[in-house]
Amino acid sequence: MSRKVSKVLKQSGVIPYRVNNGKVEILLITTRNFQHWVIPKGDIPNGMSPFDSAAKEAWEEAGVIGQVDANELGTYKYRKRGKIYRVKMYLLPVEMLSEDYPEASQRKRQWVEVNKAIRWVKFNSLKRILKGFFQVKSHFCAFRC
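Residues numbered from 1 in each chain as written. Predicted model: local features only at pLDDT ≥ 70, side-chain atom pairs only at ≥ 80, totals over all residues. Heavy atoms only, no water.

Chemist: How should the side chain of Thr30 be read in this particular structure?
Modeler: Along the chain, the position of Thr30 falls in strand β2 (residues 23-30). Thr30 gets classed as buried once you look at its relative accessible area, which sits at 3%. One polar contact links the side chain of Thr30 to the main-chain amide nitrogen of Lys108, over a distance of 2.9 Å. Contacts of Thr30, omitting those with residues within four sequence positions, involve His36, Trp37, Val38, Arg107 and Lys108. (Helix = DSSP H or I, 4+ residues; strand = E, 2+ residues; numbered from the N terminus. Buried < 20%, exposed > 50% of the residue type's maximum accessible area, 1.4 Å probe, protein only. Polar contact = N/O pair within 3.5 Å; in protein donor to acceptor, adjacent residues only side chain to side chain. Contact = heavy atoms within 4.5 Å.)

Chemist: Before we go on, may I ask you to explain the pairing of strand β6 (residues 74-80) in this structure?
Modeler: Taken residue by residue, a regular strand's side chains alternate between the two faces of the sheet. Here β6 pairs with strand β7 (residues 83-93) via 7 bridges, running antiparallel. Bridging across to β7, Tyr78 finds its partner in Tyr85. Between the end of β6 and the start of β7, which pair antiparallel, lie 2 residues, with Arg81 showing a positive phi angle near 50 degrees. (Pairing = 2+ DSSP bridges.)

Chemist: How should the environment of Pro93 be read in this particular structure?
Modeler: Relative to the helices and strands, Pro93 is located in strand β7. Expressed as a C-alpha distance, the spacing of Pro93 and Gly66, which sit 27 residues apart in the sequence, is 5.8 Å. In this view, Pro93 contacts Tyr17, Ile65, Gly66 and Gln67; residues no more than four positions away in its chain are not counted.

Chemist: It is not clear to me how unusual backbone geometry should be interpreted in this structure. Could you clarify?
Modeler: For residues that are not glycine, phi is negative in most cases, and the peptide bond is trans in most cases. With a phi angle near 65 degrees, Phe34 is a residue other than glycine that sits in the positive phi range. Considering the arrangement of structural elements, one finds Phe34 in the loop between β2 and β3 (37-38). Of note in the backbone geometry, Arg81 takes a positive phi value of approximately 50 degrees without being a glycine. Structurally, Arg81 can be placed in the loop between β6 and β7. For Arg81, a relative accessible area of 76% gives the class exposed.

Chemist: Sorry, what's going on with the confidence of the model for the chain here?
Modeler: Here the chain averages 88 in pLDDT, and 88% of its residues register 70 or above. Highest mean pLDDT in the chain belongs to helix α1 (residues 50-62) (97); lowest belongs to helix α3 (residues 124-144) (68). (pLDDT = per-residue confidence, 0-100.)

Chemist: What should I look at first to understand the packing of aromatic side chains in this one?
Modeler: Aromatic ring pairs: the centre-centre distance and the angle between the two ring planes describe each pair. On inspection of all chains with the given rule, the structure shows 6 aromatic pairs. Ring centres of Tyr78 and Phe123 lie 5.2 Å apart, and the angle between their planes is 35 degrees; this geometry places the pair in the tilted category. One end of the pair, Tyr78, is in strand β6; the other, Phe123, is in the loop between α2 (114-120) and α3, and 45 residues separate them in sequence. There is no split in this pair, since Tyr78 and Phe123 are both buried. The structure contains a cluster of three or more aromatic residues connected by ring pairs, namely Tyr76, Tyr78, Tyr85 and Phe123. In this structure, Lys108 packs its charged tip against the face of Phe34, placed 5.7 Å from the ring centre. (Phe/Tyr/Trp six-rings, centres within 6.5 Å; stacked < 30°, edge-to-face > 60°. Lys NZ or Arg CZ within 6 Å of the ring centre and 35° of its normal.)

Pasting the structure below:
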């Protein structure tokens, strides 16, 4: 008996963050049906780098602009409608937050401290990446924030 091999679809996403009063905050967005808190992510178009695609998703889904760090932070997988997705994650220090962006009417967004973001996001593998981010940023902020 043969088994169907599932193709893993490639996506990229960002963790949009800022430092507010010495504390790191992450901008979470809701899924379009407002059921879960997530980060901006999406399919990588042909000919576009994963981090450029992540910046495009950040604008379309969350209305944020900044310079995406080209160093991959990590990856996580999830399943949706029978398909498996692998998401390459990047950091995005937010430089501008717009009220008018393509998916403004389809999502909510919320700045939250890292520990709350870890509790709010759905996927355990994304929680793991956020925990790693928190440790790195806490160390970073001890010297520069």
